[in-house]
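# Descriptive analysis of the structure
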Amino acid sequence: MEENNKKDGGPSDFIKEEILLREHFSKRGEIPDVDKELQAFHAKRVPTTGKIIAICSAIAAVLGLVAFAYVSIWSTEQLLQESDYLVYEERSNVKDVLLQSGNQEAISVDDASEVWKGKNRPVLIDGGLSYETMPEDIVVQQEQLSVPNGKMFKVILEDGSEVWVNSRSKITFPNRFLGNERKVVLEGEAFFKVVKDKNRPFVVEADGLSTQVLGTEFNVKRANTDEAQVTLLSGKVKVNVDKAQFTKVLTPGEEFDRDAKGVIKINKIDLDTYYRWYEGYFYFDQVPLGEVLREVGRWYNKDVVFENPSVDRLKIRFTADRKESLETIIELMNDFKLAKIVIRDNRIIVQR
């Protein structure tokens, strides 16, 4: 197989996946010709954008072997009765990225160039907005950016910090930072690259969850329930939970996790999961199928229905380009042969 390494000299995801395949089958005492299977698979598949990621494809290529999907069922007590449908309502009627400045009415960012005039406005950039050029004499006000399903949006704040706001998320921030801290408020999920400023810590508030940094890369995800995650990729952050009177300083590779019942854990995690989404990919490593399909549903604006709820908690590894069609994504997922997944009108349906 042709060498395919990352720019930093380390193995690519495709090479790492091949290594895992060989290791898995060597333990079973049977080693198929992985190169032959992968080449055959890619020979018959024509990618629609040329950027389908090889992790999912490589697994599916080896004769649809379910074993490598690391399928596991959590606790049988957590599984619903198969007679009940499990429905996740992920659709939204909002289609545009909306920006509300101060007390003004929210407008579509796509139409902003026709509405905004003068120097006291952010600058439209590729895939986002920049507030770096805001003048010092501008009236300070709060900006609220809402990102709908199927999109992500980049914001460069006045201090140069960069924020990637995920789909179905909202962030509130000042057009200029004043005082001794830089505070933003988040609903949903965002990835942050914060500019260092030892005199003004950066704070992300998310409904009682406070994350404070001096300069770092981290991800914050706050669901509609009490579930929340703060994941540190570099630097240091301090996580504070008001209700639980909990404070913890995270180090790179650690994730603060609070489940729907309010139970808090600190986990070691795969950082690729968080680098990948803001780079434009789906990336899931041993994640329940229900969580994977909910993310896919949000991106393609589809509800998700499990006619067989018992497979909701099956864990899989899956990666693909978000630019692919939903049909391609579902085809790749069906290669796992965990369940039959179909698209019907505005729903992704996992059939019995």
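Just so it is clear, the structure is predicted and the values come from calculations on it, not from any experiment.

Bringing the environment of V155 into the picture now. Examined against the element boundaries, V155 turns out to sit in strand β7 (residues 153-156). Each C-alpha atom, one on V155 and one on L124, is 9.7 Å from the other, the two residues being 31 residues apart in sequence. Discounting residues that sit within four places of it in the chain, V155 has contacts with L129, Y131, L145, S161, E162, V163 and F173.

Here the focus is the confidence of the model for the protein. Confidence along the protein averages 79 in pLDDT terms, with 74% of residues attaining 70 or more. pLDDT under 50 marks residues 1-12. Its contacts with residues more than four places away, or in other chains, come to 16 contacts. In this model residues 21-31 is a low-confidence stretch, pLDDT under 50, and it forms 15 contacts with partners more than four residues away in sequence or in other chains.

For the rest of this paragraph, the subject is the sheet that holds strand β20 (residues 303-306). Pairing in this open sheet of four strands is mixed, and the strands run β1-β20-β23-β22 from one edge to the other. The open sheet has two edge strands with one neighbour each: β1 (86-88) and β22 (341-344). When strand polarity is set aside, the average angle formed by the axes of neighbouring strands in this sheet is 20 degrees. Direction of pairing for β1 relative to β20: antiparallel, over a ladder of three bridges. Paired with L86 across the two strands is F306, which belongs to β20. Against the sheet, helix α7 (residues 326-334) touches β22 and β23 (347-350), its axis set at about 160 degrees to β22.

Core analysis: the largest hydrophobic core is formed by 37 residues, its most contacted members being L145, I171, V184, F192, F202 and F218. Looking at this core, the element that brings in the most residues is strand β10 (residues 182-193), giving four residues. Apart from the residues within four sequence positions on either side, V184 is in contact with L157, I171, T172, F173, F177, F192, F202, V203, V204 and E205. Of all hydrophobic cores here, the second largest spans 29 residues; its members include V304, L314, A339 and I341.

For the rest of this paragraph, the subject is the pairing of strand β14 (residues 228-234). The buried count for β14 comes to six of seven residues, which makes it a mostly enclosed element. Two elements, strand β13 (residues 217-222) and β14, share six bridges in a ladder whose sense is antiparallel. Pairing of F218 across the sheet is with L232, part of β14. Here β14 pairs with strand β17 (residues 254-258) via four bridges, running antiparallel. Residue V230 lies in a different strand from β17, and its bridge partner there is F256.

The buried fraction of α7 amounts to seven of the nine residues, a majority that puts the element mostly inside the structure. Of the positions making up α7, those classed as buried are L326, T328, I329, I330, L332, M333 and N334.

Here we take up the packing of aromatic side chains. All told, the structure shown has twelve aromatic pairs when counted by the stated rule. Each ring, one from W164 and one from Y278, has its centre 4.5 Å from the other, and the planes form 45 degrees; the classification is tilted. Of this pair, W164 sits in strand β8 (residues 162-165) while Y278 sits in helix α5 (residues 272-279), placing them 114 residues apart in sequence. Comparing W164 with Y278, the two get one shared label, buried. On the basis of an interplanar angle of 70 degrees and a centroid distance of 6.3 Å, the ring pair of F177 and F202 is categorised as edge-to-face. Residue F177 is found in the loop between β9 (169-174) and β10, and its partner F202 is found in strand β11 (residues 202-206); the two are separated by 25 residues along the sequence. Each residue in the set W164, F191, Y275 and Y278 is aromatic and connected to the rest through ring pairs, giving one cluster. It is R276 that lies over the ring of Y281; its NZ or CZ is 5.5 Å from the centre.

For α5, the full list of buried residues reads D272, Y274, R276, W277 and Y278. Just past α5, the residue G280 takes up positive phi, approximately 105 degrees.

The rules we used
Throughout, residues of each chain are indexed from 1 in the direction in which the sequence is written. Given that this is a predicted model, residues contribute local features only at a pLDDT of at least 70 and side-chain atom pairs are listed and counted only at 80 or more, while totals for whole chains, interfaces and linings are drawn from all residues. Heavy atoms from the whole structure form the basis of all side-chain values; hydrogens and water molecules are not counted. Comment: elements are numbered from the N terminus, with helices defined as DSSP H or I runs of at least four residues and strands as E runs of at least two. By definition, residues are in contact when any of their heavy atoms lie within 4.5 Å. The score called pLDDT rates the predictor's confidence residue by residue, from a low of 0 to a high of 100. Strand pairing requires that DSSP identify at least two bridges connecting the strands. For helices, the fitted axis covers only the stretch in contact; all axes are lines through C-alpha atoms, and the angles between them, taken along N-to-C directions, range from 0 to 180 degrees. Buried Ala, Val, Leu, Ile, Met, Phe, Trp, Tyr and Cys residues that are joined via side-chain atoms within 4.5 Å together make up what is termed a nonpolar core. Only protein chains enter the accessibility calculation, which uses a 1.4 Å probe; a residue whose area is less than 20% of its type maximum is buried, one above 50% is exposed, and one in between is partly exposed. Classification of ring pairs uses Phe, Tyr and Trp, with its six-membered ring standing for Trp, and accepts pairs whose centres are within 6.5 Å; under 30 degrees between planes counts as stacked, over 60 as edge-to-face, and the remaining range as tilted. Both a distance and an angle decide whether a charge sits over a ring: NZ of Lys or CZ of Arg must be within 6 Å of the ring centre and within 35 degrees of the ring normal.

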